[in-house]
Amino acid sequence: MKHVIIVAIGVAIFAAFVLFGGNYALRFATIFAMYATLAMSWNFVGGLAGYPSFATAAFFGLGSYASAILQSSGMPTFLAWPLGGLIAAAFAAVIGLAILHLKGHYFAIASLALVEVLRELVNINDQLTGGGMGLNLPVTHAGVTQEALHFLVAMLALTIVTLLVAA
């Protein structure tokens, strides 16, 4: 019961910060939710399974780039984002077949090599990924605050799903 009260107080403070803090607070809250999600997802592999993985951000980036490429080719956002996540999950499953049999520092080195391979693939495929400059996505007709709120709601939903799966 004590943990529920602490979480409720934290959520109330977070909501007040977002509601009354303006665009900066919305962006800050979105980044906070993103890092919370990344930390919990790393905990699945690093904490619960005991594998020292360095590739969590690479899978996040792969899903993000897949979503962005799909969006820039005309797919609606609400379809591109889940599909990007599924692409990253499918890639992780295939890579998992190759490297999950490794233990300890061998797994850590393999996951670090994966990060570098994906980074290099993004950098050399500048027509597809934008290279080091990244991708410019189509601008929506919503205002800046509405756009920031859209990203925050999506990231909070992902954070809550990750938290529920972890629980």
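One can find the structure itself at the top, above this paragraph.
The model shown is predicted, which means the values in this text are computed figures rather than measured ones.

**Q** Where do I start with the overall build of the chain in this structure?
**A** When helices and strands are tallied, the chain shows six helices and zero strands. Walking the chain from its N terminus toward its C terminus, one meets helices and strands in the order α-α-α-α-α-α. Seen along its three principal axes, the alpha-carbon backbone of the chain occupies a region of about 45 × 45 × 25 Å. With 167 residues in all, the chain has 26% of them scored as buried. The long-range share in the chain, meaning contacts at least 24 apart out of those at least 6 apart in sequence, stands at 65%. For the chain, the computed accessible surface area is about 11,000 Å², with 76% contributed by carbon and sulfur atoms. Counting 4 positive and 4 negative side-chain charges, the chain places the centres of these two groups 20 Å from one another.

**Q** I tried to follow the environment of Ala-108 on my own but got confused; where do I start?
**A** Considering the arrangement of structural elements, one finds Ala-108 in helix α4 (residues 104-124). Each C-alpha atom, one on Ala-108 and one on Ser-53, is 5.4 Å from the other, the two residues being 55 residues apart in sequence. Those residues within four positions of Ala-108 in sequence are excluded, and the remaining contacts are Pro-52 and Phe-54.

**Q** Quick question: what am I supposed to make of the pattern of salt bridges here?
**A** Close approach of charged atoms lets side chains of opposite charge pair. On inspection of all chains with the given rule, the structure shows two salt bridges. A salt bridge links Arg-119 to Glu-116; the nearest nitrogen and oxygen atoms lie 2.8 Å apart. Here Glu-116 and Arg-119 lie together in helix α4, a separation of three residues that amounts to about one turn. The class of Arg-119 is partly exposed, set by a relative accessible area of 42%. Classification of Glu-116 by relative accessible area gives partly exposed; the value is 36%. Between Glu-120 and Arg-119 there is a salt bridge; the shortest N-O distance is 3.9 Å.

**Q** Please explain the nonpolar core as it appears in this structure.
**A** Among soluble globular proteins, nonpolar side chains are generally buried collectively. The biggest cluster of nonpolar side chains holds nine residues, and these are Tyr-51, Ala-55, Ala-58, Ile-95, Ile-99, Phe-107, Ala-110, Leu-114 and Leu-118. Where this core is concerned, the elements lending two or more residues are α3 (77-99) and α4. Among the elements that make up this core, the one with the highest residue count is α4 (four residues). Within the second largest apolar cluster, five residues are counted, among which are Val-18, Leu-26, Ala-148 and Leu-152.

**Q** Hey, could you run me through the environment of Ala-57 in this one?
**A** Residue position: Ala-57 is located in helix α2 (residues 56-72). On the basis of relative accessible area, Ala-57 is assigned to the exposed category, the value being 51%.

Thresholds applied
- Residues numbered from 1 in each chain as written.
- Predicted model: local features only at pLDDT ≥ 70, side-chain atom pairs only at ≥ 80, totals over all residues.
- Heavy atoms only, no water.
- Helix = DSSP H or I, 4+ residues; strand = E, 2+ residues; numbered from the N terminus.
- Buried < 20%, exposed > 50% of the residue type's maximum accessible area, 1.4 Å probe, protein only.
- Contact = heavy atoms within 4.5 Å.
- Areas by Shrake-Rupley, 256 points an atom, 1.4 Å probe, with all protein chains shown as cover.
- Lys, Arg positive; Asp, Glu negative; His and termini not counted.
- Charge placed at Lys NZ, Arg CZ, Asp CG, Glu CD.
- Salt bridge = Lys/Arg side-chain N within 4 Å of Asp/Glu carboxyl O.
- Core = buried A, V, L, I, M, F, W, Y, C linked by side-chain atoms within 4.5 Å.

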